[in-house]
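Residue-level structure breakdown
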Amino acid sequence: MHAIVSHAPGTVGCAPRADAKFERTRTEENTMDKVLIEDLRDGVLTLTMNRPEARNALSLEMSELLNDALRRAQTDRNVRAVVLTGAGGAFCAGGDVKSMAAGRDVTQTFEQRVESLRSRAEASRMLHELAKPTIAVIPGAAAGAGLALAMACDFRVAVAGAKLTVAFAKVGLSGDYGASYFLTKIVGPSKALELLMLSPLLSAEDALGLGLVHRVFPAEQFAAQSAAFVSALASGPSVAFGNIKQNVNLAAVSDLRTSIDSEATHQVRCMSTADHAEAAKAFVEKRAPKFTGA
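In this report, the structure presented in the accompanying data block is examined. Note that the structure is a prediction, hence the values are computed from the model and not measured. (Residues numbered from 1 in each chain as written. Predicted model: local features only at pLDDT ≥ 70, side-chain atom pairs only at ≥ 80, totals over all residues. Heavy atoms only, no water.)

In this section: the overall build of the chain. From N to C terminus, the chain includes 12 helices and 9 strands. For the chain, buried positions account for 45% of its 294 residues. For the chain, contacts bridging at least 24 residues in sequence account for 67% of all contacts bridging at least 6. Total accessible area computed for the chain in this model is approximately 14,900 Å², and 57% of it derives from carbon and sulfur atoms. (Helix = DSSP H or I, 4+ residues; strand = E, 2+ residues; numbered from the N terminus. Buried < 20%, exposed > 50% of the residue type's maximum accessible area, 1.4 Å probe, protein only. Contact = heavy atoms within 4.5 Å. Areas by Shrake-Rupley, 256 points an atom, 1.4 Å probe, with all protein chains shown as cover.)

In structure tokens form, the structure reads like this:
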């Protein structure tokens, strides 16, 4: 069951303020006690990482809840877009360094620890492969695995002044959650090595120039403009968007013939959708189409 919450006046679904008041969920639990808040409305599933006291660092519980929410989103027909964001003016500081400093679980073997980390990083794979638009709404700092999760999304919008950094090398680590994969795809191998090894602190504007984010909005307009950006995707032809995403992901790792074959298959599937029929009718009638995601 999704935890449906209502935001206080002046907030938007995709970027809740840290001081937003939430109603109780359907199960009468206080959502502010949750480390991951789920908010489904108007086709947009907003997943808010909610550990503001730790700048939304990824705990084991948060990782497991995020994986579970993304699995459900894939098959939920009511979800037409997924937003990942953070509470308290930060996106996500990455792994919980304080927990790391406390030492590892000596009862686990090396192989068990590898599998545990790989399993938690499934969130990045699902955000990347989900057949629906995924958007990282970045209200503040994004670092390490947090930045990797943002890069796993199809789109990233950031508030002016937000700080982004890869950060792994700063704590003697090599990277996880697909950071090396996404960085290499976005900025190329040479720049990826620079960002991974030197971990410079990037402004949102720097990140825009590198292609790490798609839009940077002023703080006073961030909630409204990020909501409009998300709404435009959620109200679009969902089936076509899912097929476009599959085409692009395949094109990144395949040859032209394979891509053309994939495009043909997906195009024919889209031709049979109600959204295509509506768009064709709207074109003839000289009006904007109203997509339903069917």
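Tallying each qualifying case throughout the model produces 12 salt bridges. With a shortest N-O distance of 3.0 Å, Glu 115 and Arg 118 are connected by a salt bridge. Note that Glu 115 and Arg 118 are positioned in helix α3 (residues 110-120) at a spacing of 3 residues, about one turn of the helix. Between Lys 191 and Glu 194 there is a salt bridge, and its shortest N-O distance comes to 3.0 Å. With Lys 191 and Glu 194 both in helix α7 (residues 189-198) and 3 residues apart, this pair spans about one turn of that helix. With relative accessibility at 27%, the residue Lys 191 sits in the partly exposed group. On the basis of relative accessible area, Glu 194 is assigned to the partly exposed category, the value being 32%. Connected through shared salt-bridge partners, Glu 115, Arg 118, Glu 122, Arg 125 and Glu 129 make up one network. (Salt bridge = Lys/Arg side-chain N within 4 Å of Asp/Glu carboxyl O.)

Don't take any of this as a statement about function, it's just geometry.
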